[in-house]
Amino acid sequence: MARFDTLTAALDAQSRDDRSVIFIDGDDQQQALSFAALGRRAAGLLGALQRRGVSAGDAVILFVEDNQSFLEAFWACILGGCVPVPVAVGVNDERRRKLLRIFGQFDGAWVYSTARTMERLDAFAAAEGLTDAHARMAARLLLAGALDLAGGAGNATRPAPDDVALIQYSSGSTSEPKGVVLTHRNLTANVAAIIEATEMTDRDLALTWMPLSHDMGLIGCHLTALAAGATHAVMRTDLFARRPLLWLRKAAELRATVLYSPNFGFQHFLKQYGLKGSPGLDLSSVRLIINGAEPISAELCDRFLREMASNRLRAGVMYTVYGLAEASVAVSCPKAGAAMEIMYLDRHGFSVGRAVRPVTADNPQASAYVKLGRPVAGTRLRIANEDGAPQDDAVLGRVLIRGENVTRGYYRDEAATARALTADGWLDTGDLGFLTDGQLVITGRSKDIIFVNGQNYYPHDLERIAERLPAIETNKVVAVGARNARTGTEDLVMLVLHRGDLAGFVPIARELRQLINQQTGLEVAQVLPVTQIPKTTSGKLQRHRLAHDYELGAFDAIVAELEPLLDQADAVPPAEPGGAQGTAGQLKAIFDRLNPGRQITVHTDLFKINLNSLTLARLHEAIDREYPGRLEVSDLFDHPTLAKLADCIDSRPA
C-alpha cells in the first residue's frame, strides 16, 4: 500500500463509491456513506464554514455526538486547512467544564456543535462563574443545522506534511487539559504502520463502538481503515453502553473482520452476555480484535475468548497492542494472527533498574502480564532507568519512544512538553515496562492516571471534586486506580484521611460516593479511611503505594468492617402502601428488572445508591422504549428519583 503524505491525499486517493463508512445508531438504524460521498459532504460543509468566517489555520472544536456529523466536520476541517479539536460530549458537569477550559486555551477557536448539545451550557457556565468564556464561545459557535449549505463547496487547501492536522486532547484532566499536537506526517506515518502490522486491506471490514473523539476510534479505526480502502462501521458509544450485545450481533451480521475494544468493553459485554446470552452468532469472519487504550487483563481476554468460542470466534484473534495519543496511537503490535502471549511475574519484584522475576502461574504472588508485540514500523522504543540510561532485556524501566509518528509537544504548554521530552529527543510515555524477546510488556505507570470504563481520569481532578465536601480537607483525599482481581479491570478507590471511628466515617463515604457519581458518572468501588497519606520527602503524594497496598489486601479487614455499616445506612425505607402506582410504578418495574437484588423505592435518590453511568444508560434506554422521546439522559441527573422522573414524563406530551 502506498503511504500518503497528508490526510487530504488519503481522502483524495480513496474517494471511491464501493467502500463506505456505516453508521450504526440502533438495531435497525444504520446507513452507509461512501468515501466519495463523505468527501463531497465535507467539501459542502467547508463552504458553509468558510462563509461563516472560518479560515485555514483556525482551530475548530468538534463537540458533537452524532458520528456522521462528526466525520463530515472533521474532514471539512482537514480539507480547509483548519485544525480539528475533538472533545467528548457528556451529560455531566465535568465534560462541560472541560469544553470551556479547552476553549479558553485558544485565541478565537470555533466550536462546532448542535443546539441540543449546547442548551445546558448557559446555566452551567453561570453557576460556575465561567460566563466570560461562555460569552466568547457563543460568538464563535457553529451550529449544525443552522449553517448555509446551499452556497456550494468550499475552497480546499493543500497542506504540507509538517502542518498541524489535529489536536488530540486526552480523556483525562478537566482542570489542566493537555492537547497533543499531531501533524499530517505524524498521523500518516502511524496509519501506514498500523496497516502494515495488522495486514489490513480493502477486503477487510472494521467495526468499532469507541467514540470518534478518542484517538483509538478516530485514528486507530477510521483513519486507518479509510487509508487502507476498507469499509468500516461505527457504532454509537452510548448504544454500546446500553446494548453491548448488539456489538457482536452487528459484527456477525456485517461479517466484520477487525474489531476494536479496550478491557472495559469485554467486561461490559460479558456482564450482559451472562444475563441474556446471545447464542447462534457466527463470528468466524473476525480475524483481529484490537485491544488497547487501557491496561490489558490477561484473565479477562482469556475469559472472553472462551465464552465466545461457541460462537465460532477463533482463539488467535485477540490482538493486544500498546499506544497513546502522543504516538498518534500505535507504539507496538504483535504479529497478526499469533496467539496472545502471557507472562507471570512476582508482583513484589518490581523496581526500576532491576530485573523482573518470572514465576509459575500457580505461584501465590503471580500476576499475569500480556506481551504487546514489537514496535511498529518507524517507531523506536527504549527502556530507561531513572537517569535515562538504556536497560537490558527483562529489566524494568521507563518506556521512551521516538519516531515520525511521535508528537512534537502539547498545545501551548511548554512545561508539559519539557517534562515529556528528554534532552536527547525521546518522549517519556509515563509508563513502566520491559522488553523480552523484542516484545514490550507494560507493568504499570509512573503517572497516576486512572483507567475506568475505557477512559482516562486524572486523580487530582477527582480529588478536587471530593474536596467540595465540608468534611474533607484539602490534600486529605486520594484517588487511585486499583486492579480488581475478580474482573481483571481497574476500580476507582477513594481514600480519605480519617482518625475517628468507622461509624463516623459512614456519612463521609456515602456523600463522597454520591458526589463523584453525580459529577462524573463514575462508580466509586470503595471509599476507605486511612490514618496516614504517604508522601515523598518533597511532599508529593505516593498514590501508587496506596494502590499497591489495596491490591495486596491491606484494606480487606477495613472493607469487611465498613460494608455492613454502609449497607445499614443504605437500608431502603418501607415500600409505599400498596406499591407505587401509575408511571412511577412502571418505572419501578423497569428498574427492578434491570437491577435484580437492589431494593429501592420510587423516592430513592439514584445517585445515593452508586449507580454507574452504564447502568443509568441502560435504564434510560429501557424507559425510552416504554415512553419514546419523553426523557433525555440528562433528565436522570436533573430528576434523580423514579417519582420525579415519572412527573417529568407525565408533564410531556407523548
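The structure contained in this document is the topic of the report that follows. (Residues numbered from 1 in each chain as written. Predicted model: local features only at pLDDT ≥ 70, side-chain atom pairs only at ≥ 80, totals over all residues. Heavy atoms only, no water.)

1. Some words on the pattern of salt bridges
How we decide: Here, a salt bridge means any Lys or Arg side-chain nitrogen found within 4 Å of an Asp or Glu carboxyl oxygen. Secondary structure elements are defined from DSSP: runs of H or I of at least 4 residues count as helices, runs of E of at least 2 residues count as strands, and each element is numbered from the N terminus. Burial classification: accessible surface area is computed with a 1.4 Å probe over protein chains only, and a residue below 20% of its type maximum counts as buried, one above 50% as exposed, and the rest as partly exposed.
Under the counting rule described, the total for this entry stands at 26 salt bridges. When the shortest N-O distance is used, the salt bridge between Glu404 and Arg3 registers 3.0 Å. One end of the pair, Glu404, is in the loop between β20 (397–403) and α14 (414–420); the other, Arg3, is in the segment before α1 (7–13), with 401 residues separating them in the sequence. When its relative accessible area of 37% is taken as the criterion, Glu404 is described as partly exposed. On the accessibility criterion, Arg3 (37% relative accessible area) is partly exposed. Between Arg158 and Asp12 there is a salt bridge whose closest N-O contact spans 3.0 Å. Of this pair, Arg158 sits in the loop between β6 (141–143) and β7 (164–169) while Asp12 is found in helix α1, placing the two residues 146 residues apart along the sequence. Residue class for Asp12 comes out partly exposed when judged on its relative accessible area of 41%. A single salt-bridge network, built from bridges that share partners, covers Arg3, Asp162, Arg185 and Glu404.

2. Considering the packing of aromatic side chains
For any pair of aromatic rings, geometry is given as the distance between the ring centres together with the angle between the planes. The line we're drawing: Within 6.5 Å between ring centres, the rings of Phe, Tyr and Trp (the latter by its six-membered ring) count as paired, and their orientation is classed by plane angle as stacked under 30 degrees, edge-to-face over 60, tilted in between. Charge over a ring is defined by NZ of Lys or CZ of Arg lying within 6 Å of the ring centre and within 35 degrees of the ring normal.
All chains considered together, the criterion is met by 13 aromatic pairs. Judged by centre distance (5.9 Å) and plane angle (70°), the ring pair of Phe269 and Phe304 falls under edge-to-face. Pair noted here: Phe269 is in helix α12 (residues 263–276) and Phe304 is in helix α13 (residues 298–308), with a separation of 35 residues, a long-range link. Ring centres of Tyr550 and Phe555 lie 6.4 Å apart, and the angle between their planes is 40°; on these two criteria the pair is classed as tilted. What links up through ring pairs into an aromatic cluster is the set Trp209, Phe240, Trp247, Phe264, Phe266, Phe269, Tyr273 and Phe304. Above the ring of Trp110, the side-chain terminus of Arg140 is found at 3.8 Å from the ring centroid. A cation over an aromatic ring shows up here: Lys178 above the ring of Tyr410, its NZ or CZ 4.6 Å from the ring centre.

3. A look at the nonpolar core
Applied cut-off: The term nonpolar core refers to a set of buried residues drawn from Ala, Val, Leu, Ile, Met, Phe, Trp, Tyr and Cys, joined through side-chain atoms within 4.5 Å. Should any heavy atoms of two residues lie within 4.5 Å, those residues are considered in contact.
With 127 residues, the main nonpolar core has Phe74, Trp75, Trp247, Leu248 and Phe304 as its most contacted residues. Setting aside residues no more than four positions away along its own chain, Leu248 makes contact with Leu259, Phe269, Leu281, Leu283, Phe304 and Met308. Within the second largest apolar cluster, 39 residues are counted, among which are Ile450, Ala466, Met494 and Val506.

4. A few points about the pairing of β7
Side-chain direction in a regular strand flips from residue to residue, so the side chains alternate between the two faces of the sheet. Stated formally: Pairing between strands is defined by DSSP: at least two bridges between them are needed.
When you tally the buried positions in β7, you get five out of six residues, the bulk of the element. Here β7 pairs with strand β8 (residues 179–183) via five bridges, running antiparallel. Counted as the bridge partner of Tyr169 is Gly179 from β8.

5. Describing the environment of Leu218
Within the fold, Leu218 resides in helix α9 (residues 215–228). Residue Leu218 is classed as buried on the basis of its relative accessible area, which comes to 0%. In the structure, Leu218 is positioned 132 residues away from Pro86 in sequence and 9.4 Å away in space, judged by C-alpha atoms. Setting aside residues up to four positions removed in sequence, Leu218 forms contacts with Phe70, Leu71, Phe74, Pro86, Leu166, Gln168, Pro211, Leu212 and Leu223.

6. Some details on the state of the cysteines
The test is simple: What counts as a disulfide here is a pair of cysteine sulfur atoms lying within 2.5 Å.
With the rule as written, the count across this model stands at zero disulfides. Free of any disulfide, Cys221 has its nearest cysteine sulfur in Cys333, 14 Å distant. With no disulfide partner, Cys301 has as its closest neighbouring cysteine sulfur the one in Cys333, 15 Å distant.

7. Details of the sheet that holds strand β4 (residues 83–86)
Condition: Comment: axis = line fitted to C-alpha atoms, over the contacting stretch for helices; angle = value between 0 and 180 degrees taken between N-to-C directions.
Pairing is parallel in the open sheet, where four strands are placed in the order β4-β3-β5-β6. Each of the sheet's edge strands pairs with one partner strand only, and the pair in question is β4 and β6. Neighbouring strand axes in the sheet, compared pairwise and without regard to direction, differ in orientation by 25° on average. Strand direction decides the pairing type here: strand β3 (residues 59–62) and β4, joined by four bridges, are parallel. Within the sheet, the bridge partner assigned to Ile61 lies in β4 and is Val85.

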